[in-house]
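Letter by letter, the chains look like this.
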Amino acid sequence: MKHYSIAIDGPAASGKSTAGKGVSKVLNFTYLDTGSMYRCFTLHMLNKNMDCSSLSDAEEALKDFNMDLKGEKIFLDGTDVSERIREMDVSSNVSEACKHKAVREKMVKIQQEFAKDHDVVMDGRDISTVVLPDATLKIYQVASVKARATRRYEEMRNKGIEVSYEDIVKDIENRDRIDSTRENSPLTRSEDAILLDTSEMTIDDVINMIVSLFKMKAGENE
Ligand code: CDP
Ligand code: CDP
């Protein structure tokens with residue numbers, strides 16, 4: 001049976017996972033947050049006091065990397081790390097840890113296997129270009145740095161995580177730079193992805209827009 005897939009890529013904090021979760025509920029699809037997988041691997045490296053920018057450390061860390069995804073929760077060695085991986089130490093190292101080819105190959109394989117068995121909404125940086133090049137709908141979701149930093153700041157403060165607005169701006173700009181200039185699967189808009197600027201859009205606007213676009217695309221392919 002053929003499965004549908006929606007790929008959402010874009011820079012940090014542009015609202016991809018919020019949109020992805022919302023769309024998956026409306027369409028009754030399964031949602032996969034691929035960023036959480038790279039964050040989980042980064043935490044694994046940090047727990048082992050490894051250097052995330054080192055290829056040999058990353059390859060070593062892959063050998064005993066034990067990750068589990070259950071619904072929207074993610075587990076490392078059996079511990080629920082869904083909240084822990086959102087903290088600043090993970091954010092500021094994740095772009096280094098995930099740039100290595102061996103790391104990306106491992107994650108992409110899991111993501112592609114997952115899409116074989118489910119109707120999916122997947123968000124990340126390389127979903128349209130590498131993971132699901134034949135996705136039914138591809139979205140490239142952007143927003144201004146100001147809108148993204150303000151949203152992420154409010155989100156973290158609401159969760160009780162101590163962080164300054166300036167540090168969030170720095171983190172977002174730094175990750176965008178590394179993610180879009182790396183050698184392996186850089187963040188880039190694929191030619192057939194629809195550009196969606198959410199700077200002035202509410203979450204409901206974004207979800208409704210993606211659901212309508214999906215219905216149009218799926219109709220065209222019938
Ligand atoms: O939610 P936020 O935009 O802050 O980041 P995320 O989606 O959780 O992704 C964290 C980091 O993982 C990104 O900055 C990328 O370095 C990396 N990532 C990636 O390389 N490829 C993906 N498909 C997803 C995330
Ligand atoms: O997954 P990504 O890093 O792209 O962003 P996110 O974690 O989904 O969204 C970052 C924050 O922006 C969340 O707290 C959302 O509630 C908020 N937000 C949004 O996603 N979309 C809007 N149109 C407005 C706010």
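Everything discussed here concerns the structure shown above.
Note that the coordinates shown come from a computational prediction; the quantities given were computed from them, not determined experimentally.

So, how was this worked out
Residues numbered from 1 in each chain as written. Chains lettered and ligands numbered in written order. Predicted model: local features only at pLDDT ≥ 70, side-chain atom pairs only at ≥ 80, totals over all residues. Heavy atoms only, no water. Buried < 20%, exposed > 50% of the residue type's maximum accessible area, 1.4 Å probe, protein only. Helix = DSSP H or I, 4+ residues; strand = E, 2+ residues; numbered from the N terminus. Pairing = 2+ DSSP bridges. Near = heavy atom within 4 Å. Polar contact = N/O pair within 3.5 Å; in protein donor to acceptor, adjacent residues only side chain to side chain. Areas by Shrake-Rupley, 256 points an atom, 1.4 Å probe, with all protein chains shown as cover. Nonpolar A, V, L, I, M, F, W, Y, C, P; charged D, E, K, R; others polar.

Student: For the pairing of strand β1 (residues 5-9), give the residues involved together with the corresponding values.
Tutor: Taken across its five residues, β1 has five buried, putting it largely inside the fold. Because side chains alternate across β1, one face comprises the buried residues Ser5, Ala7 and Asp9, and the other comprises Ile6 and Ile8, equally buried. In terms of strand pairing, β1 meets strand β6 (residues 120-124) through five bridges, oriented parallel. Within β6, the position partnered with Ser5 by the bridge is Val120. Note: β1 against strand β7 (residues 137-142), four bridges, orientation parallel. Looking at β7, one finds that Ala7 is bridged to Lys138.

Student: Please set out the site of ligand 1 residue by residue, giving values where relevant.
Tutor: Surveying the vicinity of ligand 1 reveals 19 residues, the closest of which are Arg39, Asp126, Arg152, Arg175 and Asp179. Between Arg125 and ligand 1, the recorded distance is 3.2 Å, taken from a backbone N or O atom to a nitrogen atom. About the coverage of ligand 1: the protein hides 98% of its 520 Å² of free accessible area. Mapped by element, the contributors of at least two residues to the shell around ligand 1 are α2 (34-47), α4 (88-97) and α8 (165-181). Ranked by residues supplied to the shell around ligand 1, first place goes to α2 with four residues. Partitioning the shell around ligand 1 into residue classes produces five nonpolar, four polar and ten charged.

Student: Give me the lowdown on the site of ligand 2, citing residues and values where you can.
Tutor: Surveying the vicinity of ligand 2 reveals the residues Ala13, Ser14, Gly15, Lys16, Ser17, Thr18, Arg151, Arg152, Glu155, Met201, Thr202 and Ile203. One of the backbone nitrogen or oxygen atoms of Ser17 is found 2.8 Å away from an oxygen atom of ligand 2. Side-chain polar atom of Arg152 to an oxygen atom of ligand 2: 3.0 Å apart, as the coordinates give it. About the coverage of ligand 2: the protein hides 82% of its 530 Å² of free accessible area. Contributions of two or more residues to the shell around ligand 2 are made by α1 (16-27) and α7 (145-158). When its residues are assigned to classes, the shell around ligand 2 shows three nonpolar, five polar and four charged.

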